[in-house]
Amino acid sequence: MKTVTCTAPVNIAVIKYWGKKDEDLILPTNSSLSATLGQDELRAKTTVAVDSSFKEDKMWLNGKEEGVVSKRIQNVFRETRKRKGNQDSVDGLNQKIHICSENNFPTAAGLASSAAGYACLVYSLSKLFNVQGEISDIARLGSGSACRSIYGGFVEWQMGSLSDGSDSIAKQVTHDHHWPEMCILVLVVSDQKKHTGSTQGMQISVQNSTLLQKRIEIVPNRIKNITKAIIDKDFVTFAEITMKDSNQFHAICLDTYPPISYLTDVSRQIISFVHQFNDHCQQTKVAYTFDAGPNACLYLLEEDLPRVVSLVNHYFPPQNNGLTLTIQGRPVTLQ
Ligand code: 2P0
């Protein structure tokens, strides 16, 4: 038996991906940009194994065997086998694959678990099969946002223009340790599974949200401006674009029919808290962003972390206001 084990962290988007123009190849309607967290925080850990005795492909997620190996995983297997290197490689074309994956955070609670999971799977398989070169496009076949977790630091998923998806890949915006003062605080409002999954939700938004069509025109400029803000370490501009993009994404969810609402009262209280804090400081010190769930991700600089953590603990104590967990992280290098 040959096995490989890897870990991969989640990423938190500041320019959101929401919509596909090709469902099979997972080609997005707009480019997106995120920070990948460090390995110690929110991460998936995956072991892949091949052995001549395996009769079928199998998968275990958080200790439980999945009934079927999904079409997306089969797409990932097919693409990996196609690119299999020759040297010291397993008999990739014929041997069946077993996958064992676990997350150290709640699955499907809007914390990008699929991004970490698929990035980890693809990275592990690429080691097992000696795949050389670009692999973010293979991760994209598993889950769109997963392609961004292949790299550390700030990463752009460039939507690309080719119909085969070969240029729809992730690229690092800057080197891994470019902005070490940047911190991320994840406020877990709920660890329950979300009611509308991202894949299904974005499908309906593409079908009937007119705001989504408008957003496609808006995003290129936002990507350009936030990239410059990251390179210049201009936190105020970075934060403003991040909050506006989160708000626009959730506005699209409400503009979808029937509407999708991921935010809860506690999420909205966190938004008010951040704006009041920034007003009080007379400067933008904290940015919020929310994915397809009620949990808040706050971006802030290290110098403001102690004050913000203590205020969050004061205003959102776990026993009263429903924050189940607060996790501190940083966008840093993948090892
Ligand atoms: C993002 N999200 O950019 C956005 C923000 C959710 C809100 O990427 O269908 O799980 O597997 O490609 O990658 C969630 O979408 O969807 C997502 P699929 P995915 O992080």
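Colleague: Please explain the packing of helix H1 (residues 71-82) against helix H2 (residues 113-128) as it appears in this structure.
Modeller: Each pair of packed helices gets described by two things: the angle between the helix axes and the distance between those axes. The contact between H1 and H2 brings their axes to 11 Å, and the two run at 25°. Looking at the two axes, H1 sits roughly parallel to H2. You can see that H1 and H2 cross each other, and the crossing is right-handed. Facing H1, whose interface residues are Arg 72, Ile 73, Val 76, Phe 77 and Thr 80, H2 presents Tyr 118, Leu 121, Val 122 and Leu 125. Broken down by class, the residue content of the contact of H1 with H2 amounts to 7 nonpolar, 1 polar and 1 charged.

Colleague: It is not clear to me how the domain arrangement of the protein should be interpreted in this structure. Could you clarify?
Modeller: It is common to give the size of an interface as the accessible area lost on bringing the parts into contact. In terms of domain boundaries, the protein breaks down into domain 1 (2-172) and domain 2 (182-329). Here the C-alpha centre of domain 2 lies 25 Å away from the C-alpha centre of domain 1. Across the contact, 27 residues belong to domain 1 and 45 residues belong to domain 2. Here domain 1 meets domain 2 over a buried area of about 2,900 Å², counting both sides, of which 71% is carbon and sulfur. Here domain 1 is connected to domain 2 by 1 salt bridge. With a shortest N-O distance of 2.5 Å, Lys 16 and Asp 291 are connected by a salt bridge. Where domain 1 meets domain 2, there are 8 residue pairs in polar contact (both at pLDDT 80 or more).

Colleague: Just to check I follow, could you spell out the side chain of Glu 156 for this structure?
Modeller: Relative to the helices and strands, Glu 156 is located in strand S10 (residues 153-157). The buried charged residue Glu 156 lacks any salt bridge, with Lys 171 as its nearest oppositely charged partner at 9.8 Å. When near neighbours in sequence (up to four residues on either side) are disregarded, Glu 156 contacts Ser 31, Ser 32, Leu 33, Ile 169, Ala 170, Lys 171, Val 173 and Ile 223.

Colleague: In this structure, what is going on with helix H7 (residues 265-281)? I would like to understand it.
Modeller: Along an α-helix, residues three or four apart share an orientation, since each turn contains 3.6 residues. End to end, H7 covers 24 Å across 17 residues, agreeing with the expected 24 Å (1.5 Å per residue, within 8%). Within H7 the residues assigned to the buried category are Val 266, Ser 267, Ile 270, Ile 271, Phe 273, Val 274, Phe 277, Asn 278 and Cys 281. Angularly, the buried residues of H7 cover 160° about the axis, an arc narrow enough to put them on a single face. Exposed residues pointing more than 90 degrees away from the buried face of H7 are listed as Asp 265, Gln 276, Asp 279 and His 280. Gln 282 occupies a position one or two residues after H7 and carries a positive phi of about 55°.

Colleague: Could you clarify how one ought to interpret the sheet that holds strand S6 (residues 43-50) in this entry?
Modeller: Two strands in a sheet stick together by hydrogen bonds in their backbones, pointing the same way (parallel) or opposite ways (antiparallel). Overall, mixed pairing links the 5 strands, which are arranged S1-S6-S9-S7-S8 in an open sheet. Each edge of the open sheet is held by one strand with a lone partner, namely strand S1 (2-9) and strand S8 (64-65). Across 7 bridges, S6 lies against strand S9 (residues 97-103) in antiparallel orientation. Note on S9: the bridge partner recorded for Ala 49 is His 98. Relative to S6, H2 is tilted by about 35°, and along the sheet it contacts S1, S6 and S9.

Colleague: What is the right way to read the nonpolar core from this model?
Modeller: Proteins that are soluble and globular tend to have nonpolar side chains buried together. Leu 33, Phe 154, Phe 238, Ile 270, Leu 298 and Tyr 299 are the most contacted members of the largest nonpolar core, which has 82 residues in total. The dominant element in this core, judged by the number of residues it contributes, is H2, at 8 residues. Shared between two domains, this core takes at least three residues from each, and those domains are domain 1 (2-172) and domain 2 (182-329). When near neighbours in sequence (up to four residues on either side) are disregarded, Leu 298 contacts Cys 183, Ile 184, Leu 185, Leu 187, Ile 270, Val 274, Val 286, Ala 287, Tyr 288 and Val 308. By size, the runner-up hydrophobic cluster in this structure holds 15 residues, among which are Trp 18, Ile 26, Ala 170 and Cys 253.

Colleague: Explain the site of the ligand to me, please; I cannot follow it from the model alone.
Modeller: Surrounding the ligand, one finds 18 residues, the nearest of these being Tyr 17, Lys 20, Arg 72, Ser 143 and Ser 145. Here Lys 20 contributes a side-chain N or O atom positioned 2.7 Å from an oxygen atom of the ligand. Notes on the ligand: free accessible area 470 Å², of which the protein chains cover 94%. In terms of residues, the shell around the ligand owes the most to one element, helix H4 (residues 198-208), which gives 3 residues. A class-by-class count of the residues in the shell around the ligand yields 7 nonpolar, 6 polar and 5 charged. Each of two domains, domain 1 (2-172) and domain 2 (182-329), supplies a minimum of three residues to the shell around the ligand.

Parameters at a glance
Residues numbered from 1 in each chain as written. Predicted model: local features only at pLDDT ≥ 70, side-chain atom pairs only at ≥ 80, totals over all residues. Heavy atoms only, no water. Axes fitted to C-alpha atoms, helices over the stretch in contact; angles between N-to-C directions. Helix = DSSP H or I, 4+ residues; strand = E, 2+ residues; numbered from the N terminus. Parallel < 35°, antiparallel > 145°, perpendicular 65-115°, else oblique. Left-handed = near helix turned anticlockwise from the far one by under 90°. Contact = heavy atoms within 4.5 Å. Nonpolar A, V, L, I, M, F, W, Y, C, P; charged D, E, K, R; others polar. Domains from an automatic or database assignment. Buried area = accessible area lost by both parts, 1.4 Å probe. Salt bridge = Lys/Arg side-chain N within 4 Å of Asp/Glu carboxyl O. Polar contact = N/O pair within 3.5 Å; in protein donor to acceptor, adjacent residues only side chain to side chain. Buried < 20%, exposed > 50% of the residue type's maximum accessible area, 1.4 Å probe, protein only. Lys, Arg positive; Asp, Glu negative; His and termini not counted. Expected span 1.5 Å × (residues − 1). Arc of directions from axis to C-beta. Pairing = 2+ DSSP bridges. Core = buried A, V, L, I, M, F, W, Y, C linked by side-chain atoms within 4.5 Å. Near = heavy atom within 4 Å. Areas by Shrake-Rupley, 256 points an atom, 1.4 Å probe, with all protein chains shown as cover.

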